[in-house]
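Examination of the molecular architecture
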Amino acid sequence: MSLAVSKQSNLFYQSGSRRPLLDKASGIYLWDISGKRYLDGSSGAMVSNIGHSNPNVLAAMQRQMQRATFGYRLHVENEPAEQLASAIAQRMPPKLDRVFFVSGGSEAVESSIKLARQYAIASGQAQRFKIISRFPSYHGSTLGALALTGMSLMSAPFAPMLCDMPKIAAPTTYLDTDNLSEQQRGLRYARLLREEILRQGPETVLAFIMEPVGGASTGALVAPDSYYQEIRRICDEFGVLLIADEVMSGLGRTGRWLAMEHWQVCADIVALSKGFGAGYMPLGAMVARRDLVEAVLGNGGFVHGHTYAGNPLACAAGLAVLEEIERLNLLQAAQQQGARLRAELDGLLHRYPFVGHVRGKGLLLAFELVAERATMEPLPAALNAHTRLVDIAFEKGLIIYSRRTRGGRLGDHFMVCPPLIISDPQIDELMEMLHASLDQFSHEIGM
Ligand code: PLP
């Protein structure tokens, strides 16, 4: 049987590139139809947090499938949605206790924008409509989320956007060469938000959106500790809502339910997805402060919704995923195995001169390749390192996820984010394949 999708395939994706056909998946591994096994070193796109084919999640889905797979929310409520909303609210900071289900990350971000906007109108601040975001960043591929996304690769083909939103620099402090301490740099980057709010006119600014720990756009960028509280303070100073896009960082990947908890900062609205459905069902949520939701509901209601949102099967899967995260102690695992994998990745700095930086939190980790570590000069774009290294690793049976951010100062970066269930020997196996891949890449580029 042929490994590649047939040339006559009616499917199309971004680049037309072809990958082997998936046969089955279990734990941290995938198999293609030739029987070749791959270690899922990026959990897909940082999705399969509890691993593949978890029997308890499959059984919960099976039970729900035999009861009902769908009931439209304007006609009937469903138990799994009710239970999941309360389970999520119990795991969020107390102020965030209103849950609105969607089917993915972009939808969660769109919902957050629309709730914020309707709240401004309901509270007599209709002139507030601007949402400040960061560059680089990724918030989704629908047009609203894309307007907030700072990634020209994704947005340039559509320019001018339906609306352009202001952006401030993401806190890429590791690229800075000034004499400031890390904490001073954190404050300096946070204060870019204050300057931008003043430049835009505070009365027009609705919200600021950020990924607390970056995703693929920045390669797991973490700001200095000082950044987070200062961002919260600035938002409060000007009555600007803080939206945390925790689509990737939320629900355990960094070792906490929300990454923002690492800095004791509570956002006003949080977008969740990826590890929520964890690869079992498309599922996302917007979780918001109760008073925001009540103001909107008291002013005619939230004018938003998607047909499949909160369907019983997706919610039953989500509920079982949460139970597995707790039963298997995966918040702790993300911290412990994250520290172990991080130490291994730090070791790459000693072994390869072209590994420039390692960063991340919990099991949301990445490394960046450079031409020269001292200057953090990116590798020449023509090398296509971000695709080449991924292809070499794939050949060897290791899946990692990469990006090269165009238009920013970042070079080629690679996400190493295996499922949170990864064991010690499996980390060794991952690193063995990563070393072999980097050795081959090193040979190819002569560095
Ligand atoms: N926000 C962040 C931080 C993401 O990483 C992503 C996806 O990578 C999205 C939003 C969009 O999610 P989706 O692809 O499920 O629409």
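Sequence order as written defines residue numbering, which begins from 1 separately in each chain. Totals for whole chains, interfaces and linings use every residue, but because this is a predicted model, local features are given only for residues with pLDDT of at least 70 and side-chain atom pairs only at 80 or more, for both listing and counting.

The C-beta atom of each residue is placed using the backbone, and any residue whose C-beta lies within 6 Å of a molecule or strand is treated as near it. Around the ligand, a shell composed of 14 residues is seen, among which G104, G105, S106, G215 and V247 lie nearest. Here the nonpolar group is Ala, Val, Leu, Ile, Met, Phe, Trp, Tyr, Cys and Pro; Asp, Glu, Lys and Arg are the charged ones; every other residue, Gly included, is treated as polar. Counted by class, the shell around the ligand contains five nonpolar, seven polar and two charged residues.

The domain limits used here are those given by an automatic or database domain assignment. As assigned here, the protein chain comprises domain 1 (22–53 + 329–445) and domain 2 (57–327). Distance from the C-alpha centre of domain 1 to the C-alpha centre of domain 2: 25 Å. Two residues qualify as a contact pair if the distance between their C-beta atoms, derived from the backbone, is within 7 Å. Facing 35 residues of domain 1, the contacting portion of domain 2 comprises 35 residues. For the side of domain 1 that touches domain 2, the secondary structure elements donating two or more residues are α1 (43–46), α11 (330–351), β11 (355–361), β12 (364–372), β15 (401–404) and β16 (412–416). Secondary structure elements are defined from DSSP: runs of H or I of at least 4 residues count as helices, runs of E of at least 2 residues count as strands, and each element is numbered from the N terminus. For the side of domain 1 that touches domain 2, the element with the most residues is α11, which contributes five residues. In terms of residue class, the side of domain 1 that touches domain 2 is made up of 15 nonpolar, 14 polar and six charged.

Looking now at helix α3 (residues 79–91). If you check α3, its first and last C-alpha atoms are 19 Å apart, about what 13 residues at 1.5 Å a residue would give, namely 18 Å. Listed as buried for α3 are P80, A81, L84, A85 and I88. End-on, the buried residues of α3 take up no more than an arc of 130 degrees, which puts them together on one face. Against the buried residues of α3 lie α2 (55–67), β4 (96–102), β10 (284–289) and α10 (312–327). Any helix carries an expected span of 1.5 Å times its number of residues minus one. Burial is judged by counting other C-beta atoms within 10 Å of a residue's own C-beta: 20 or more means buried, 12 or fewer means exposed, and anything between counts as partly exposed, with every C-beta placed from the backbone. By construction, the arc corresponds to the directions joining the helix axis to the C-beta atoms.

Looking now at the environment of V213. Along the polypeptide, V213 turns up in the loop between β7 (205–210) and α8 (225–238). Linking V213 and S273, residues 60 residues apart in sequence, is a C-alpha distance of 15 Å. Ignoring any residue separated from it by four or fewer positions in sequence, one finds V213 in contact with A220, V222, S249, T254, A259, G360, K361 and L364.

Before going further, it helps to spend a moment on the sheet that holds strand β2 (residues 29–32). Think of a sheet as strands paired side by side through backbone hydrogen bonds, with each pair either parallel or antiparallel. Spatially, the four strands line up as an open sheet ordered β1-β2-β3-β14, and their pairing is mixed. What marks the edges here is a single partner per strand, and that holds for β1 (22–26) and β14 (398–399). Any two strands are treated as partners once DSSP identifies two or more bridges connecting them. As defined by bridge partners, β1 adjoins β2 across four bridges and the pair is classed as antiparallel. Its bridge partner lying in β2, A25 is registered against L30.

Two elements in contact, α2 and α10, have axes separated by 9 Å at closest approach and are oriented at 155 degrees. As far as their axial angle goes, α10 and α2 are roughly antiparallel. As for how α2 packs across α10, the hand of that crossing is right-handed. Within the contact between the two elements, α2 uses N56, V57, A60, M61, Q64 and M65 and α10 uses P312, L313, A316, A317, L319, A320, V321 and E324. Taken together, the residues of the contact of α2 with α10 break down into eleven nonpolar, two polar and one charged. A fitted line through C-alpha atoms serves as each axis, taken over the contacting stretch for helices, and the angle formed by two N-to-C directions is quoted from 0 to 180°. Each angle gets one of four labels, with under 35 degrees taken as roughly parallel, over 145 as roughly antiparallel, 65 to 115 as roughly perpendicular, and the rest as oblique. Each helix crossing is assigned a hand: it is left-handed if the near helix lies turned anticlockwise from the far helix by less than a right angle, otherwise right-handed if that turn is clockwise.

Another aspect to go through is unusual backbone geometry. In this model, F135 is joined to P136 through a cis peptide bond whose omega is -5 degrees. Mapping P136 onto the fold places it in the loop between β5 (130–135) and α5 (143–148). Residue S43 is not a glycine yet carries a positive backbone phi of 50 degrees. If you trace the backbone, S43 turns up in helix α1. Taking the number of C-beta atoms within 10 Å as the measure of exposure, S43 has 30 and is therefore buried. For K274, which is not glycine, the phi torsion reads 30 degrees and is therefore positive. Assignment of secondary structure puts K274 in the loop between β9 (269–272) and β10.

What follows deals with the pairing of strand β8 (residues 241–245). Summarising burial for β8: five of the five residues are buried, a large majority. Where β7 and β8 come together, four bridges link them in parallel fashion. Across the sheet, the residue bridging to A207 is L241, located in β8. For the handedness criterion, the β-α-β arrangement of β7, α8 and β8 is classed as right-handed. By the criterion used throughout, a crossover qualifies as right-handed when its path from the first strand across the helix to the second strand runs clockwise, the strands pointing away from the viewer.

Here we come to the pairing of β5. Looking along a regular strand, one sees side chains alternate from face to face of the sheet. Relative to β7, β5 is paired through three bridges, and the arrangement is parallel. Residue pairing for β7: I132 is matched across the bridge by F208. Of the pairings in the sheet, the one linking β5 to strand β6 (residues 167–169) comprises three bridges and is parallel in character. Counterpart to F135 in the pairing with β6 is A169.

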